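Architecture at a glance
The primary structure of each chain is shown beneath.
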Amino acid sequence: MSLLSAERRSAQEVVSPDAWWKSGVIYQIYPRSFQDSDGDGIGDLAGIRQRLGYLAALGVDAVWISPFYPSPMADFGYDVADYCDVDPRFGTLADFDALVAEAKAIGLRVILDLVPNHTSDLHPWFVQSRSSKTNPKRDWYLWRDPAPDGGPPNNWLSNFGGPAWTFDAGSGQYYAHMFLKEQPDLNWRHPDVRAAMYDVMRFWLRRGVDGFRVDVIYHLIKDEGFRDNPINPAFAPGGDPAHRLLPEYTADRPEVQDIVLEMRRVLDEFGTPASARVLIGELYLPVQRLMSYYGMDAAGVLRGAQLPFNFHLIGAEWQAEAIDRLVREYEAALPAGASPNWVIGNHDKSRIASRIGGGAARLAAMLLLTLRGTPTLYYGDELGMTDVPIPIAEVQDPLERRVPGHGLGRDPQRTPMPWSTGAIAAGFTTGRPWLRMGDDANERAVDRQLAEPHSMLQLYRRLLALRRSQPALHEGSWVPLGVQGNVLLYARGDGAQRMVVLLNFGATSASVDMGALSRIPVPLPLQVLLSTGLDRDESVAATITLRPEEGLILGRRASSGVAAFA
Ligand code: NOJ
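Criteria and cut-off values
Residues numbered from 1 in each chain as written. Predicted model: local features only at pLDDT ≥ 70, side-chain atom pairs only at ≥ 80, totals over all residues. Heavy atoms only, no water. UniProt positions renumbered as here; feature names shortened; annotations may be inferred. Helix = DSSP H or I, 4+ residues; strand = E, 2+ residues; numbered from the N terminus. Rg over C-alpha atoms; globule rule 2.2 N^0.38 Å. Buried < 20%, exposed > 50% of the residue type's maximum accessible area, 1.4 Å probe, protein only. Contact = heavy atoms within 4.5 Å. Areas by Shrake-Rupley, 256 points an atom, 1.4 Å probe, with all protein chains shown as cover. Lys, Arg positive; Asp, Glu negative; His and termini not counted. Charge placed at Lys NZ, Arg CZ, Asp CG, Glu CD. Near = heavy atom within 4 Å. Polar contact = N/O pair within 3.5 Å; in protein donor to acceptor, adjacent residues only side chain to side chain. 1 Å grid on protein atoms, 1.4 Å probe; cavity = no way out; pocket = protein on both sides within 12 Å on 5 of 7 lines; lining within 4 Å. Sits in = over half its atoms within 2 Å of the grid points. Phe/Tyr/Trp six-rings, centres within 6.5 Å; stacked < 30°, edge-to-face > 60°. Salt bridge = Lys/Arg side-chain N within 4 Å of Asp/Glu carboxyl O. Points joined across faces, edges and corners; volume = space filled by probe spheres on them. Core = buried A, V, L, I, M, F, W, Y, C linked by side-chain atoms within 4.5 Å. Domains from an automatic or database assignment. Pairing = 2+ DSSP bridges. Axes fitted to C-alpha atoms, helices over the stretch in contact; angles between N-to-C directions. Buried area = accessible area lost by both parts, 1.4 Å probe.

Looking at an unreviewed UniProt entry, one finds the chain named DUF3459 domain-containing protein, with Ramlibacter pinisoli as its source organism. The UniProt entry for the chain carries the following comment under Sequence similarities (unreviewed entry): "Belongs to the glycosyl hydrolase 13 family."

Shown next, in the form of structure tokens:
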């Protein structure tokens, strides 16, 4: 992307009050693991409510709460048995209402996880559907006759391994499931299914939610002709079995776009101001294919999702040039009026501090919170939590238990949040935590990190505060300044207000020649406004040396405090 087009894009994008999501920060809560309030060892809604003050002080704008609906927990809540209630393990609807009211009172938005691709096999819709071939709900799910040899109707595979089809002996047909067999896929070609799910959205919107993260939105429509998926020529034995086949006929079908538009319309029924309610799509797709989920039309009217989740930092090689390439590619691919979003972790992926190491995780925090667009944080990453190895006898993730050795076990990244040093279960619960906590829970606990001036939590708080106070960081354009050795350089902001970010991805010190920033006018000297070590504030003139894995934000310090430079 040229400097000019970056400048132009920023000039076009005046952040309006109903576009909080363009500059805001989202925080994902996995409710089982955030805070338990009743001693049963499982986090709950009342627990989240107790910790809203922590989230506000951290400096995030919205929380996205993973599913808490009644569920047999075959996939820890991603198998919903009732879309319009709260599982007793997590509380009650009254707890939910109290949570939303209190969140709103302190300026936090609440985003729910909508799981429309599949229900639980114990959802009354499926119970009826499987009861007979002629049941009125039969076509709410995807039923097919066996192949001539009695096997599955086609070669589709489940994302969790094995065929995407399970035979129902009672009614003599197979049903489709992109995930576990306990998660039958709904038939989104059926108008009644759509209407029912849009009513689910209205149910929660009436209760005040600010939007939805839509689980596997790209899977909602499957090929009408149930054609076989093509074989992946690149598949290697031992690789993820789901990747044996390219999911051409089960993912990202063109008709999914109609559903995105319809969901947008439902959100906009509750839009005061228009488009303040967010639609976030869970989309594991290449950058170019993600773009079609951005819903801005030529007139600048929002017609689709604001935030098609961009997971590319999760898989990216942790190296300055690779990250530079990725950000440029993403920025350049964006449709007019669309805004980027960035994610470095979630409940399905190994934690960032385990993927790249603790020092690099501090650098990743600075990257995430200084890129343009909307960052989503995963609970506990702000404490530097790492994956916790779970002994086989204690494995909880049903996926790992169901398909041992599949390598998809997700317990390690879902362990309980440590709050208080020395307390039982580090303050997560007064009982026995549902999943073991890391040996370092006391060291990582929130209270300990708040008392330690250079902790990871302090870094997150300082980054979030700086980002919030500086338009250059929360709404300014992103101006690539290239890579010097292992150091990635970029500026944020336009001609009126700018900051420069230097990120050393290397394991050795690196000197940066500030003359190389001549692509933009830089009035030297600048000051270090924030360093990942939280221990530098010097002036920077001709060159600056970064320590291994160190990141710096440079700007001007005014007498009134920190400032971008003009
Ligand atoms: C994606 C969710 O993030 C994951 O946790 C879940 O297992 C699948 N979708 C199925 O709902």
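Right, picking up where we left off after that structure.
So, about the overall build of the chain. Counting its secondary structure elements, the chain contains 18 helices and 20 strands. Here the chain has a C-alpha radius of gyration of 24 Å; the compact-globule value for 566 residues is 24 Å, and the two agree. Its C-alpha atoms put the chain at 75 × 55 × 50 Å along the principal axes. Taking all 566 residues of the chain together, the buried fraction comes to 59%. For the chain, contacts bridging at least 24 residues in sequence account for 69% of all contacts bridging at least 6. Put simply, the chain shows about 20,500 Å² of open surface, and 53% of that area lies on carbon and sulfur atoms. If you average the places of the 56 positive and of the 67 negative side-chain charges in the chain, the two averages end up 3 Å apart.

Near the ligand lie 13 residues; those nearest to it are D75, H118, D215, H347 and D348. Within the side chain of D75, a nitrogen or oxygen atom sits 2.5 Å from an oxygen atom of the ligand. In the model, an oxygen atom of the ligand is placed 2.8 Å from a nitrogen or oxygen of the H347 side chain. Most atoms of the ligand, that is more than half of them, are within 2 Å of grid points of the largest pocket.

A negative phi angle is the norm for most residues apart from glycine, just as the trans form is the norm for most peptide bonds. Cis geometry is found at the peptide bond from L524 to P525, where omega equals 0°. Locating P525 in the fold gives a position in the loop between strand 15 (510-513) and strand 16 (526-531). Phi at F226 takes a positive value of approximately 50°, unusual for a residue other than glycine. Following the sequence through the fold, F226 ends up in the loop between strand 7 (211-214) and helix 8 (256-269). Its identity is not glycine, yet D252 carries a phi of approximately 55°, on the positive side. Using a relative accessible area of 15% as the deciding quantity, one classes D252 as buried.

Moving on: the packing of aromatic side chains. Evaluated as defined, the whole model comprises 30 aromatic pairs. Centre to centre, the rings of F34 and Y379 are 6.5 Å apart; their planes meet at 90°, and the pair counts as edge-to-face. Pair noted here: F34 is in the loop between strand 1 (26-29) and helix 3 (45-50) and Y379 is in the loop between strand 11 (374-378) and helix 14 (398-402), with a separation of 345 residues, a long-range link. Here the aromatic rings of W125 and W140 are separated by 5.0 Å at their centres, their planes lie at 65°, and the arrangement is edge-to-face.

Okay, the pattern of salt bridges next. Enumeration over the complete set of coordinates arrives at 33 salt bridges. As a salt-bridge pair, E269 and R202 come within 2.8 Å of each other at their nearest N and O atoms. In this pair, E269 sits in helix 8 while R202 sits in helix 7 (residues 191-206), placing the two residues 67 residues apart along the sequence. Here D348 and R414 are joined by a salt bridge, their closest N and O atoms 3.2 Å apart.

The next point concerns empty space enclosed by the protein. Scanning all chains against the criterion turns up three cavities of 30 Å³ or more. In this structure, the largest cavity occupies an estimated 70 Å³ of space.

Looking now at the nonpolar core. Core analysis: the largest hydrophobic core is formed by 168 residues, its most contacted members being Y27, W204 and M263. Each of domain 1 (23-118 + 191-462) and domain 2 (476-555) contributes no fewer than three residues to this core. Not counting residues up to four positions away in its chain, the partners in contact with M263 are L114, P116, W188, Y198, M201, V214, I217, L220 and L279. Grouped together as the second largest cluster of nonpolar side chains are 19 residues, A510, M514, V540 and L546 included.

Read across the sheet, eight strands follow the order 9-8-7-3-2-1-11-10 without closing on themselves; strand pairing throughout is parallel. Two strands in the sheet have a free side with no partner beyond their single neighbour: strand 9 (307-308) and strand 10 (341-343). The pairing of strand 7 with strand 8 (residues 278-281) spans four bridges and is classified as parallel. From the neighbouring strand, R213 faces strand 8, where its bridge partner is I280. Along the sheet, helix 13 (residues 358-370) contacts strand 10 and strand 11; its crossing angle with strand 11, the most-contacted strand, is approximately 145°.

Annotation of the chain at the domain level lists domain 1 (23-118 + 191-462) and domain 2 (476-555). Domain 1 puts 24 residues into the contact, and the matching count from domain 2 is 27 residues. Interface area for domain 1 against domain 2, summed over the two sides, is near 2,100 Å², with a carbon-plus-sulfur share of 71%. Looking only at domain 1, the three residues that lose the most surface to domain 2 are L363, M366 and T370, adding up to 29% of its buried area. Linking domain 1 with domain 2 are six residue pairs in polar contact (both at pLDDT 80 or more). For the side of domain 1 that touches domain 2, the elements supplying multiple residues, two or more each, are helix 11 (320-333), helix 13 and helix 17 (456-469).

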